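Structural features, examined
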Amino acid sequence: MEEVRLSPLRQISVKSSLSGRSTPRGSPRVHSSGRTPRRGGGGGGGGGAVQWFRSSRLVYWLLLITLWTYLGFYVQSRWAHDNENKVEFLRFGGKLRKDVVHVDVAKSKGMGSVANDTSDALVSVTTGKDDAGVNKRTDVSLSKKDDVASRRSLSSRRKTRKASRTSRGKQKVTKAVESKALEDEQDPQLPMTNATYGNLLGPFGSLEDKVLEWSPHRRSGTCDRKSDFKRLVWSRRFVLVFHELSMTGAPISMMELASELLSCGATVSAVVLSRRGGLMQELTRRRIKVVEDKGELSFKTAMKADLIIAGSAVCTSWIDQYMNHHPAGGSQIAWWIMENRREYFDRAKPVLDRVKMLIFLSESQSKQWLTWCEEEHIRVRSQPVIVPLSVNDELAFVAGIPSSLNTPTLSPEKMREKRQTLRESVRTELGLTDADMLVMSLSSINPGKGQLLLLESVTLALSEREQEAQRNHKGTVRKEKVNPSKKHRLRGSSRQVQSVPLTLGNAAGRQKQELKLLLGSVGSKSNKVEYVKEMLSFLSSNGNLSKSVIWTPATTRVASLYSAADVYVTNSQGVGETFGRVTIEAMAYGLAVVGTDAGGTKEIVEHNVTGLLHPMGRLGNKDLAHSLLFLLRNKDARLQMGIQGRKKVEKMYMKQHMYKRFVDVLVKCMRP
């Protein structure tokens with residue numbers, strides 16, 4: 001029988017598998033099936049796969065690297081998150097492995113006793129046999145000086161964390177004291193109760209969330225990714241200067257600008273000059289970083305920015321200090337001035353000619369400030385830009401206007417249906433019927449907003465309405481002689497009719513129609529306490545009027561209030577409203593607007609088209625009262641004005657219109 005010899009091909013195959021080459025250099029090419037000869041003719045498929053794996057060094061090393069990386073991440077994760085056993089590297093699944101060295105490190109409860117307890121290296125090895133005398137067990141309790149050093153480092157880190165926590169705790173206490181001081185700014189004689197205001201209702205944020213099945217907390221980025229605004233601000237740094245954090249137009253507009261910049265990929269830091277107000281929590285929710293210091297730290301942050309936007313004339317002091325600290329800093333500043341009174345100009349005039357650009361809200365405001373500059377011989381560095389405010393996405397979304405927050409399930413048509421449901425729910429909470437007309441005015445309560453004059457006008461309107469109702473009632477009484485037996489019944493009937501609340505008109509079966517006034521914003525830090533007291537005194541002296549007035553607290557959740565209202569009144573005095581953010585918001589919700597014939601209101605409201613205008617001061621009280629009565633009597637005219645106002649807002653005052661104008665500011669002011 002012929003002797004079977006190991007072929008050279010088999011030797012070559014084994015050799016090549018170890019070297020990582022398929023065939024040795026200079027050898028003839030052999031078919032792949034011949035590289036790994038079969039043993040006995042079976043298992044060729046599995047053997048070929050194993051041989052291929054052994055011959056592929058790249059796969060082998062990739063697998064080892066993956067396992068090693070996973071192991072490293074696991075150990076690092078346990079070290080970072082397992083506070084109780086940070087130095088037990090050999091723990092897996094929460095159990096100690098008994099077949100390897102067990103590192104037993106004594107834990108120290110006191111921060112100063114860690115080094116003392118582990119200053120010496122103790123090694124104790126115990127060897128023993130079990131009952132069968134076969135297996136051996138070695139328990140090693142090991143503590144090295146390296147562990148001492150690591151735990152000293154850990155101790156120092158813990159001390160540092162403790163110190164930082166203590167510092168933060170002190171800061172929180174300080175902030176709490178400051179917050180308490182701000183709360184004390186509101187007169188303690190004016191607690192936010194019905195005993196003070198008579199009828200205080202709201203806010204209705206929870207009801208709004210329940211009905212709409214959506215809340216601003218669910219909002220995501222609203223940036224238009226294809227806009228020039230996004231292209232210009234992407235990866236840029238901005239510093240926004242807030243003069244305060246009250247729930248008024250300027251701070252809210254700056255907050256929404258910061259949110260838009262963040263959603264478009266910019267880095268935003270907020271410098272807050274006064275923390276008076278309630279927007280800090282909202283800034284935190286929107287992840288807007290607030291610089292802790294309004295001095296040196298804010299100046300260093302501003303120097304690194306591509307553009308600084310100051311949001312009020314009250315920011316004058318910070319701008320002046322910053323330019324003294326950094327003389328070339330004026331070229332970084334775009335000053336968005338939102339006030340239109342002479343005292344604000346006098347405060348701002350020392351630095352008006354030093355900033356890069358002035359931004360105004362309306363043409364009338366721009367003309368007024370430029371006139372004052374000419375009178376004071378101030379020459380600004382560049383032509384001012386007009387950037388009017390806009391209706392934000394959240395309010396437009398609830399109003400049923402197409403916005404970036406719409407989804408297939410929350411289309412504008414669907415939101416209009418939900419808004420009608422919200423209107424009915426809020427009016428029920430306010431105690432209103434469908435026939436009642438709710439007149440609303442939301443702003444800080446001070447003489448410049450003219451709320452007391454509004455109360456006087458409502459008193460005139462109610463008085464005239466009562467007289468009209470009495471005249472109509474007298475016209476329905478037939479002047480005929482009656483016998484003495486019926487006289488008593490007629491008088492009783494007359495007394496009964498007069499005891500019923502008066503209605504507008506005398507049509508049979510007509511639903512009672514009341515005029516109600518909703519005033520905000522109670523509790524705002526911008527309110528003038530003495531002025532509020534004067535209004536409350538006026539109400540107490542007019543008992544019938546107090547039954548028609550509803551108060552509501554200051555809030556940023558105003559969609560429910562706009563949905564419930566029928567008419568909005570802006571009665572700003574002096575030179576009028578600078579622009580009137582609330583005016584365009586009310587128009588977006590289809591409300592007829594009654595306003596003073598001055599300032600930005602005159603530019604927004606078209607008389608007899610989108611609303612009604614009246615003169616300022618007490619001379620305008622009678623015209624304001626007549627306007628309210630006209631809208632009360634003519635529901636169709638009121639609704640038509642609301643429709644026209646909504647169309648104007650959609651055409652001119654949406655978010656895309658505002659940021660399109662902001663592009664001009666960015667191009668002219670921002671660093672290249």
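Residues numbered from 1 in each chain as written. Predicted model: local features only at pLDDT ≥ 70, side-chain atom pairs only at ≥ 80, totals over all residues. Heavy atoms only, no water.

Regarding the overall build of the protein
Under the convention used in this document: Secondary structure is summarised from DSSP: a helix means a run of H or I of at least four residues, a strand means a run of E of at least two, and numbering begins at the N terminus for each. Throughout this description, buried means an accessible area under 20% of the type-specific maximum (1.4 Å probe, protein chains only), exposed means over 50%, and partly exposed covers the range between. By the convention used here, residues are in contact when the closest approach between their heavy atoms is within 4.5 Å. Each accessible area value is a Shrake-Rupley result obtained with a 1.4 Å probe; residue values ignore everything except the protein chains displayed when judging cover.
Looking only at helices and strands, one finds 26 helices and 17 strands in the protein. The burial tally for the protein puts 43% of its 672 residues in the buried class. Taking the contacts inside the protein whose residues are at least 6 apart along the sequence as the reference set, 72% of them involve residues at least 24 apart. Taken as a whole, the protein presents about 37,500 Å² of accessible surface, with 52% of it coming from carbon and sulfur.

What to know about the packing of helix H22 (residues 581-588) against helix H25 (residues 635-652)
Short version of the rule: Axes here mean lines fitted to C-alpha atoms, for a helix over just the part in contact, with angles spanning 0 to 180 degrees between N-to-C directions. Crossing handedness is defined as follows: a turn of the near helix away from the far one that is anticlockwise and smaller than a right angle gives a left-handed crossing, while the clockwise case is right-handed. Three classes are used: nonpolar for Ala, Val, Leu, Ile, Met, Phe, Trp, Tyr, Cys and Pro, charged for Asp, Glu, Lys and Arg, and polar for all others, with Gly counted as polar.
Orientation of H22 relative to H25, taken along the N-to-C sense of each, is 115°, at an axis distance of 7 Å. Considering only the axes of H22 and H25, their crossing is left-handed. Taking contact as the criterion, the partners of Ile 584, Met 587 and Ala 588 in H22 are, on H25, Gly 642, Gly 645, Arg 646, Lys 648 and Val 649. Tallied by class, the residues present in the contact of H22 with H25 amount to four nonpolar, two polar and two charged.

Notes on the environment of Pro 553
By secondary structure assignment, the location of Pro 553 is in strand E14 (residues 549-553). Residues Pro 553 and Met 192 lie 361 residues apart in sequence; the distance between their C-alpha atoms is 8.1 Å. Apart from residues lying up to four places away in sequence, Pro 553 is in contact with Met 192, Leu 200, Leu 201, Gly 202, Pro 203, Ser 521 and Val 522.

Description of the sheet that holds strand E10 (residues 357-360)
Inclusion rule: Strands pair, by our definition, only if DSSP identifies at least two bridges between them.
Taken in spatial order, the seven strands line up as E7-E6-E5-E8-E9-E10-E11 in an open sheet, and their pairing is parallel. Where the open sheet ends on each side, the last strands, each with one partner, are strand E7 (289-290) and strand E11 (385-386). Along the sheet face, helix H9 (residues 249-263) touches strand E5 (237-242), strand E6 (267-272), strand E8 (307-310) and strand E9 (333-336) and points at about 165° away from the line of E5. Helix H12 (residues 316-325) rests against E5, E6, E8 and E9 of the sheet, and its axis sits at about 170° to E9.

So, helix H24 (residues 621-633)
As a reminder, the rule being used: The span expected for a helix works out to 1.5 Å for each residue beyond the first.
Over its 13 residues, H24 runs 19 Å from end to end, which matches the ideal 18 Å to within 8%, given 1.5 Å per residue. Every buried residue of H24 is listed here: Asn 621, Leu 624, Ala 625, Ser 627, Leu 628, Leu 629, Leu 631 and Leu 632.

Examining a nonpolar patch on the surface
Put simply, the rule is: Residues form patches when they are more than 30% accessible in relative terms and have no salt bridge. Like charges link within 9 Å. Nonpolar side chains (Val, Leu, Ile, Met, Phe, Trp, Tyr) link within 5 Å. Definition used for salt bridges: Asp or Glu carboxyl oxygen within 4 Å of a side-chain nitrogen of Lys or Arg.
Taken together, Tyr 60, Trp 61, Leu 64 and Ile 65 make up a surface patch of nonpolar side chains, about 420 Å² in accessible area. Mapped onto the elements, Trp 61 comes out in helix H3 (residues 57-81). Residue class for Trp 61 comes out exposed when judged on its relative accessible area of 51%.

Remarks on the state of the cysteines
Inclusion rule: The disulfide criterion is simple: two cysteine sulfur atoms within 2.5 Å.
This structure, assessed with the given rule, holds one disulfide. Covalently, Cys 223 is tied to Cys 264 through a disulfide, its sulfur atoms 2.0 Å apart. Where Cys 223 bonds to Cys 264 through sulfur, the torsion about that S-S bond is close to 105°, and the disulfide is right-handed. Taken as a pair, Cys 223 in the loop between helix H7 (205-212) and helix H8 (228-233) and Cys 264 in the loop between H9 and E6 lie far apart in primary sequence, 41 residues in all. The same class applies to Cys 223 as to Cys 264, namely buried.

Some remarks on the sheet that holds E14
Pairing is parallel in the open sheet, where six strands are placed in the order E14-E13-E12-E15-E16-E17. Taken across any chain shown, the strands that pair with only one partner, and hence form the sheet edges, are E14 and strand E17 (611-614). On average, adjacent strands in this sheet sit at an angle of 20° to one another, irrespective of strand direction. Where strand E12 (residues 437-442) meets strand E15 (residues 567-570), two bridges bridge the pair, whose relative direction is parallel. Along E15, the bridge assignment pairs Met 440 with Tyr 568.

A few points about the pairing of E10
To be explicit about the condition: With the strands aimed away from the viewer, a crossover counts as right-handed if its path from the first strand over the helix to the second runs clockwise.
Of the two faces of E10, both are covered, the one formed by Met 357 and Ile 359 as well as the one formed by Leu 358 and Phe 360. In terms of strand pairing, E9 meets E10 through three bridges, oriented parallel. Across the sheet, Ala 334 pairs through a bridge with Met 357, a residue of E10. Handedness of the E9-helix H13 (residues 342-348)-E10 crossover: right-handed. Sheet topology note: the E10/E11 ladder contains two bridges and is parallel. From the neighbouring strand, Ile 359 faces E11, where its bridge partner is Val 385. Regarding the hand of the β-α-β motif, the stretch spanning E10, helix H14 (residues 363-375) and E11 is right-handed.

Some points on unusual backbone geometry
At the junction of Gly 202 and Pro 203, the peptide bond is cis and its omega measures out at 0° in the coordinates. A cis geometry characterises the amide bond from Gly 520 onward to Ser 521, with omega recorded as 15°. Mapped onto the fold, Ser 521 is located in strand E13 (residues 515-522). Even without being glycine, Ser 235 reaches a positive phi, approximately 65°. Within the secondary structure, Ser 235 sits in the loop between H8 and E5. Owing to a relative accessible area of 53%, Ser 235 belongs among the exposed residues under this scheme.

Brief notes about the pattern of salt bridges
Within this structure, the stated rule accounts for 30 salt bridges. Here Arg 557 and Glu 208 are joined by a salt bridge, their closest N and O atoms 3.5 Å apart. Placement of the pair is Arg 557 in the loop between E14 and helix H21 (559-564) and Glu 208 in helix H7, with a sequence separation of 349 residues. Each member of the pair, Arg 557 together with Glu 208, is buried.

Some words on H12
This is how it is decided: Here the arc refers to the directions that run from the helix axis out to each C-beta atom.
Every buried residue of H12 is listed here: Thr 316, Trp 318, Ile 319, Tyr 322 and Met 323. All buried residues of H12 lie within an arc of 165° about the axis, which places them on one face of the element. Check the buried side of H12 and you find it contacts E5, E6, helix H11 (296-303), E8, E9 and H13.

A few points about the confidence of the model for the protein
Condition: The predictor attaches a confidence to each residue, and that confidence, scored 0 to 100, is pLDDT.
Confidence in the prediction for the protein averages 78 pLDDT; 68% of positions are at 70 or higher. Within the protein, E15 carries the highest mean pLDDT (98), whereas strand E3 (residues 123-129) carries the lowest (37). Within the model, pLDDT remains below 50 along residues 1-43, and this stretch shows 22 contacts once partners closer than five positions in the same chain are excluded. For the stretch residues 167-188, pLDDT sits under 50, and the model shows 14 contacts to residues farther than four places along the chain or on other chains.

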